[in-house]
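Remarks on the overall topology
Spelled out from the first residue to the last, the chains are:
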Amino acid sequence: MRRAKVLLPLVAAALCGCDSYRYHSGRFFDETGRTGRAVAALESFIEHRPQDPRACEVRLRLGRAYAGRLGRFLEAQRHFEAAARGFQDQPACVEAAKAGLMDCPDFFPLEAGRGWVFGDTASGGRNMRLEWDLRRSAADKTTILGSLFAGNKRINTQEKAYSKKDWAVWEGEPGAKPVAILRYPYVAGRRWTERRGKYPVDFLIEDSAVEVKTVAGAFSDCLKVRETDRRFKGSWKYDYYCPGVGRVKTTAGSPGAENPNTELIKAVRP
């Protein structure tokens, strides 16, 4: 009896027309975990009805299926971008699509239960250690408490706020305007400029497919982001961000040289 009730909308949709059947069957397969059949039905719906009012929701479902269950980020990006740019009359759907792009792949995870331990590269964390504890404080903002240790002695703590919106990952310190530390699209050559206080800071994604090794392990398909404070001529820093992990390494750069600074020692995942 229960199965019959579930199937009734599909039968009704089939009687009403192919497009409605594709839509309802795609939703049904998606919600019951049959990803392959869901993707086939929803892709067919989009092919036939790209401007249908339901197309934004369908593209969200496809983006989440490709990114979260199939690991096919290019297809996911295609659908999230189409939803974000093509349905301005559906602001909730547009914002959800933009959020999806920030996690596609996710170079700065902010789920509850995350944690990171960084250490100085020279000693593998024995001399200096920074522990990040993720604390969610609101739906649109995450607070990370950082504790700095010299050996076993904690010498400093600091809170920073992070959020994902407006095509970027934002980092904010108490009393300061947030700074976009990552901006979509995550491609080599992407540039943008922010301000830390009164001073301009230039960002550049130098590479989007870097292999990185730290004490915590080996990571692939990482972003190498150059950050240059214009006050300091001839020097800059690099941050390496890896999918599903976040920042894993920081180095100091200068013409012809790159010197290790800190690296990921341990990542705690939910």
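This text goes with the structure placed above it.
This section reports on the structure supplied with the text. Computed from a predicted model, the values in this text were never measured in an experiment.

Basis of the calculations
Residues numbered from 1 in each chain as written. Predicted model: local features only at pLDDT ≥ 70, side-chain atom pairs only at ≥ 80, totals over all residues. Heavy atoms only, no water. Helix = DSSP H or I, 4+ residues; strand = E, 2+ residues; numbered from the N terminus. Buried < 20%, exposed > 50% of the residue type's maximum accessible area, 1.4 Å probe, protein only. Contact = heavy atoms within 4.5 Å. Polar contact = N/O pair within 3.5 Å; in protein donor to acceptor, adjacent residues only side chain to side chain. Axes fitted to C-alpha atoms, helices over the stretch in contact; angles between N-to-C directions. Left-handed = near helix turned anticlockwise from the far one by under 90°. Nonpolar A, V, L, I, M, F, W, Y, C, P; charged D, E, K, R; others polar. Phe/Tyr/Trp six-rings, centres within 6.5 Å; stacked < 30°, edge-to-face > 60°. Lys NZ or Arg CZ within 6 Å of the ring centre and 35° of its normal. Disulfide = S-S within 2.5 Å. Pairing = 2+ DSSP bridges.

A short note on the overall build of the protein
Of regular secondary structure, the protein possesses six helices and twelve strands. By principal-axis analysis of the C-alpha atoms, the protein measures approximately 70 × 35 × 35 Å. Out of the 270 residues in the protein, the part that is buried amounts to 45%. Partitioning the contacts of the protein with sequence separation of at least 6, the portion at a separation of at least 24 is 37%.

Some details on the environment of Glu-258
On the secondary structure map, Glu-258 appears in strand 12 (residues 257–268). Residues in contact with Glu-258, not counting those within four places in the same chain, are Lys-224, Tyr-238, Tyr-240, Thr-251, Ala-252 and Gly-253. Within the structure, Glu-258 has its side chain in polar contact with the side chain of Lys-224 (distance 3.2 Å).

Remarks on the packing of helix 3 (residues 35–48) against helix 4 (residues 55–70)
Where helix 3 contacts helix 4, the two axes come as close as 10 Å, and the packing angle between them is 145°. Regarding helix 3 and helix 4, the two cross each other, and that crossing is left-handed. Residues Thr-35, Val-39, Leu-42, Glu-43, Phe-45 and Ile-46 of helix 3 form the contact with helix 4, whose participating residues are Ala-55, Val-58, Arg-59, Arg-61, Leu-62, Ala-65, Tyr-66, Arg-69 and Leu-70. Considering only residue class, the contact of helix 3 with helix 4 consists of ten nonpolar, one polar and four charged.

Observations regarding the packing of aromatic side chains
Per the counting criterion, the structure on display carries twelve aromatic pairs. Seen in terms of ring centroids, Phe-108 and Tyr-241 are 6.2 Å apart; in terms of plane orientation they differ by 45°. Their pairing is tilted. Taken together, the positions of Phe-108 in the loop between helix 6 (91–102) and strand 1 (115–120) and Tyr-241 in strand 10 (residues 236–242) put the pair 133 residues apart, joining distant regions of the chain. Note on Phe-108: relative accessible area 2%, which makes it buried. Aromatic pair Tyr-184 and Tyr-186: ring centres 5.6 Å apart, planes at 85°, arrangement edge-to-face. An identical accessibility class is assigned to Tyr-184 and Tyr-186; each is buried. Among the aromatic residues, those joined into a ring-pair cluster are Phe-108, Trp-116, Phe-118, Trp-132, Tyr-162 and Tyr-241. Lying across the ring of Tyr-238, Lys-224 places its NZ or CZ 4.4 Å from the centre. The side chain of Lys-249 reaches across the aromatic face of Tyr-240, ending 5.8 Å from its centre.

Brief notes about the state of the cysteines
This model, assessed by the stated rule, comprises two disulfides. One disulfide in the model links Cys-56 with Cys-93; its S-S distance is 2.0 Å. Taking the sign of the torsion about the S-S bond as the criterion, the disulfide between Cys-56 and Cys-93, at about -105°, is left-handed. Placement of the pair is Cys-56 in helix 4 and Cys-93 in helix 6, with a sequence separation of 37 residues. Like Cys-93, Cys-56 is buried. Here the disulfide map of the protein reads 1-2, 3-4, the bonded cysteines being numbered as they appear in the sequence. Distance from the sulfur of Cys-104, which forms no disulfide, to the nearest cysteine sulfur (Cys-93) is 15 Å.

Here's the deal with the pairing of strand 3 (residues 141–150)
As a general feature of sheets, a regular strand has side chains that alternate between the two faces. Of all ten residues that make up strand 3, seven are buried, and the element is covered over most of its length. The hairpin formed by strand 3 and strand 4 (residues 153–165) contains two residues between the paired strands, and Gly-151 there has a positive phi angle of roughly 65°.

Here's the deal with the environment of Leu-130
Relative to the assigned elements, Leu-130 resides in strand 2 (residues 128–138). Residue Leu-130 is classed as partly exposed on the basis of its relative accessible area, which comes to 24%. As for Leu-130 and Ile-181, which are separated by 51 residues in sequence, their C-alpha atoms are 19 Å apart. Aside from chain neighbours lying at most four places away, what touches Leu-130 is Trp-116, Val-117, Phe-118, Gly-146, Ser-147 and Leu-148.

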